[in-house]
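# Commentary on secondary and tertiary structure
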Amino acid sequence: MLAFYLSLIETQEDKRLFEKIYMDYRQNMFNYAKKLLGDEGYAEDIVHDVFLSIIKTGVDKIQEIDNENHLWNYLSTAVRNQCISFAKKHSVHIAQEKEYNDQLGINLNEDSPLQESSYQFLVETIRDMKPTYADVLYFSIVHEMNSVQIAKLLNLEPAAVRQRISRGKKLLREKLGKDFMK
Amino acid sequence: MTFSKEEISKAFNEVLSERVPAFSDIPDHVFSEHFEQRMNKLIEREAAHPWDVSHTTTRNLLIAALIAVLLMILSLSVSGIRDPIFNFFTRHFDTYDDVVFDDTEKTEIEHVYEITALPEGFELNQRMQYSTYVISIYEDKSTQNMSLRQKVPSPNREGIVDNEKTNMDSLEIDNKIVFSLVDKTGIIFAWEIDGYEFWLDIKIMDFTLENAIQIYRSIK
């Protein structure tokens, strides 16, 4: 027999949010995964895996996001990293980051323009970071997720996440100063 | 340079937004049957009865309160009212009660219940229907909403009850016990009838309990 602790309100909220995300974003998540992996079957697997990882990580993390663009950032970053993990494990070709960003008209190697403000410098610093580091820092700093949660969401090992966070923060400290965050 | 968390969050979101293309021009993909089956299972599992999942302590206490009220009410109520509601037995321990529910005969949704008297301006916005679970979401133009969940109860339902926390209430409506929670975020009703569990979750500003009861009564 199963023994359960019981829940109600937040769980109901979580369920509704989960269903809403599923209905509203599964097409875009699929399209993004297909664009990266080039295969509909793989892309469906990724969409499923991301939803599964959202459940494992805790839907309440998404509950805190109050902006649709930010929610899409969260989901698309999860999709992209799941695609990369999937591609590595299954020796599948993935649209490379540079190649992909070129498609989007983004040149990561371009010299930063004259900084108009310290905030703009922060944006440029993050933009110049490898997505490998920027993505985990995004979940770590913006969503205050721990390495285990990030690992579940992105299909990575917690040790790898910790290493990326450490290296990413080191890069930010080198560029912005050791006290870059209040 | 020192930045606030808000500034850093804004910067990350700005950069991440640049990296992902828009897909508005791409026609909808028809997902494979295999995918739909897997997602249905996932959603049904996620949509399982609240006491099928374990989350935070707060939630545990809230639902524990619901069951505690259920136990109290049913222990006091007459059998004519009690019988159609829940079938269960309890085992008493020092700090908690172990409540085990009988299974119902239902194995799948045979009839989809609907709200037949919607508040003005509301309409059915989404319905997701699976073999053992249906959710109907109703919204108005301002995206105020309410949802009705109908579910075939899970087998071997069991709950551990903390009787010390009870901020739930119960209502007797048309000879049925309906468990309710009313707070600033909305109104929730939970009940079991015809072998199904129902959860009515209303998030409409200034909606009264009387309004909610009218909605409950219109569910057919």
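Everything numeric in this text was worked out from a predicted model, so none of it was measured. (Residues numbered from 1 in each chain as written. Chains lettered and ligands numbered in written order. Predicted model: local features only at pLDDT ≥ 70, side-chain atom pairs only at ≥ 80, totals over all residues. Heavy atoms only, no water.)

## Observations regarding the side chain of asparagine 13 of chain B
Checked against the element boundaries, asparagine 13 of chain B lands in helix α1 (residues 5–19). Using a relative accessible area of 5% as the deciding quantity, one classes asparagine 13 of chain B as buried. Once residues within four sequence positions are removed from consideration, asparagine 13 of chain B is found in contact with His70, Asn73, Tyr138 and Val142 of chain A. (Helix = DSSP H or I, 4+ residues; strand = E, 2+ residues; numbered from the N terminus. Buried < 20%, exposed > 50% of the residue type's maximum accessible area, 1.4 Å probe, protein only. Contact = heavy atoms within 4.5 Å.)

## A few points about the confidence of the model for chain B
For residues with low pLDDT, the predicted coordinates do not support detailed interpretation. All names here are of chain B. Chain-level statistics for chain B give a pLDDT mean of 73 and a share of 65% at 70 or above. Least confident of the elements in chain B is helix α4 (residues 79–82), whose mean pLDDT is 38; most confident is helix α5 (residues 209–217), at 93. A low-confidence stretch, residues 49–57 (pLDDT under 50), is modelled with 30 contacts involving residues beyond four sequence positions or located in other chains. Confidence drops under pLDDT 50 across residues 158–167; counting only partners more than four residues distant or on other chains, this segment forms 45 contacts. The ipTM assigned to the predicted complex is 0.73, against a pTM of 0.51. (pLDDT = per-residue confidence, 0-100.)

## Description of the packing of helix α6 (residues 118–128) of chain A against helix α9 (residues 158–176) of chain A
All names here are of chain A. Packing of α6 against α9 brings their axes to within 11 Å, and their N-to-C directions diverge by 140°. By the criterion of interaxial angle, the relationship of α6 to α9 is oblique. Judged by the twist between their axes, the crossing of α6 over α9 is right-handed. Here Phe121, Leu122, Thr125, Ile126 and Asp128 of α6 come into contact with α9, specifically with Leu172, Lys175 and Leu176. (Axes fitted to C-alpha atoms, helices over the stretch in contact; angles between N-to-C directions. Parallel < 35°, antiparallel > 145°, perpendicular 65-115°, else oblique. Left-handed = near helix turned anticlockwise from the far one by under 90°.)

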